[in-house]
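Secondary and tertiary structure notes
For reference, the chains in residue letters:
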Amino acid sequence: MDIGGAYGGGKAGGAFDPIAFVQRPTVILRAVCWLFAIIVFGCISSEGWREEANGKEYCIINRDGNACNYAVGIGVIAFLAAMGFIAGEYLFEQMSSVKTRKHYVLADLGFSAFWSFLFFIGFCYLTNQWGKADDPPNGEGVNNVQASIVFSFFSIFTWAGCAYFAFLRFKAGVDPSFSSTYESDPSAAQQYAAYPASNDNDQFQEAPFSGQQQQQQQQQQQRADYSQPTY
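Residues numbered from 1 in each chain as written. Predicted model: local features only at pLDDT ≥ 70, side-chain atom pairs only at ≥ 80, totals over all residues. Heavy atoms only, no water.

Below, the discussion takes up the nonpolar core. Counting residues in each nonpolar core, the largest one holds 24 residues, and the members touching the most others are A78, Y104, W115, F119 and W159. Elements with a minimum of two residues in this core: α2 (25-47), α3 (65-92), α4 (98-132) and α5 (142-172). For this core, the element with the most residues is α3, which contributes 7 residues. Discounting chain neighbours no more than four positions away, the residues touching F119 are V40, I74, A78, S152, S155, I156 and W159. Listed in part, the 14 residues of the second largest apolar core include I60, I61, A71 and L126. (Core = buried A, V, L, I, M, F, W, Y, C linked by side-chain atoms within 4.5 Å. Buried < 20%, exposed > 50% of the residue type's maximum accessible area, 1.4 Å probe, protein only. Helix = DSSP H or I, 4+ residues; strand = E, 2+ residues; numbered from the N terminus. Contact = heavy atoms within 4.5 Å.)

The following block contains the structure:
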């Protein structure tokens, strides 16, 4: 992972290289998260529910509707979030504001760590309920539920990896050479303020004590005139 510029990204305005973009570890990991999320909620949505004779549906994971809903919920949100962060990776290099980059990195770090924790909870929950469940008729849906559980386990590490990359970005901080086009440097204003403002009228001010010196010279001249003898 390249570290430079501000929070792991270079200066804004550079040329976009699609090949280099898809080869980034963060983008690859987001794509894996996106794929795993589809498997988690897709398997439960397609084969996780059965219909009884009275027309009422039930979850085949120990008839616990919360288990199926939980897997679908975290999977759908992870699917949408992964797409959003992939778009964010594209826009990250175009962010000129250091504050905007910092907020994005913190949001990435917080969400990825939290969703890794939710997938851990989901894996434990689904595993526990599936171990108590009766075998579905004709074994329908067994492979789907097992796939959802397995990829929930894998998603723990993929989202944790995303959080780790976000932490590296946050730790990298801002390179001193990085300058934003849209942000002013507050230190520059302090440097200019350090110099006192000059007054053009100062050069025309009379030197101090010049009036007193002139008066003393006139008094000395008058004394010299009185001291001269008269004929």
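Next comes the rest of the description.
This part takes up the packing of aromatic side chains. Two aromatic rings are characterised by how far apart their centres lie and by the angle between their planes. Evaluation of the coordinates by the stated rule reveals 17 aromatic pairs. Their ring planes at 45 degrees and their centres at 5.6 Å tell us that F92 and Y104 sit as a pair that is tilted. Here Y104 lies in helix α4 and F92 lies in helix α3, a separation of 12 residues in the sequence. A residue is classified by how much of its surface remains accessible, and Y104, at 13% relative accessible area, is buried. (Phe/Tyr/Trp six-rings, centres within 6.5 Å; stacked < 30°, edge-to-face > 60°.)

Okay, the UniProt feature "transmembrane region" (unreviewed entry) in the protein next. UniProt records the feature "transmembrane region" (unreviewed entry) at residues 27-49, 69-92, 104-128 and 148-168, using the numbering of this structure. Taken end to end, residues 27-49 comprises 91% helix and 4% strand; its first and last C-alpha atoms sit 34 Å apart. Counting secondary structure, residues 69-92 comes out at 100% helix and 0% strand; the distance between its end C-alpha atoms is 34 Å. (UniProt positions renumbered as here; feature names shortened; annotations may be inferred.)

Attention shifts here to the environment of T127. You can see T127 is positioned in helix α4. Since its relative accessible area comes to 37%, T127 is described here as partly exposed. Between the C-alpha atom of T127 and that of V150, which follows or precedes it by 23 residues, the distance is 9.3 Å.

Another point: the packing of α3 against α5. Relative to each other, α3 and α5 sit at 30 degrees, their axes nearing to 12 Å. Relative to α5, the element α3 is oriented roughly parallel. Here α3 and α5 pass one another in a crossing that is left-handed. Along the contact surface, α3 presents A71, A78, A81, A82, E89 and F92, while α5 presents S148, W159 and R169. Classifying every residue of the contact of α3 with α5 gives 6 nonpolar, 1 polar and 2 charged. (Axes fitted to C-alpha atoms, helices over the stretch in contact; angles between N-to-C directions. Parallel < 35°, antiparallel > 145°, perpendicular 65-115°, else oblique. Left-handed = near helix turned anticlockwise from the far one by under 90°. Nonpolar A, V, L, I, M, F, W, Y, C, P; charged D, E, K, R; others polar.)

As a further point, take the environment of A147. Looking at the element boundaries, A147 is found in helix α5. Along the chain, A147 and F36 lie 111 residues apart, while their C-alpha atoms are 9.9 Å from each other. Ignoring any residue separated from it by four or fewer positions in sequence, one finds A147 in contact with I39 and C43.

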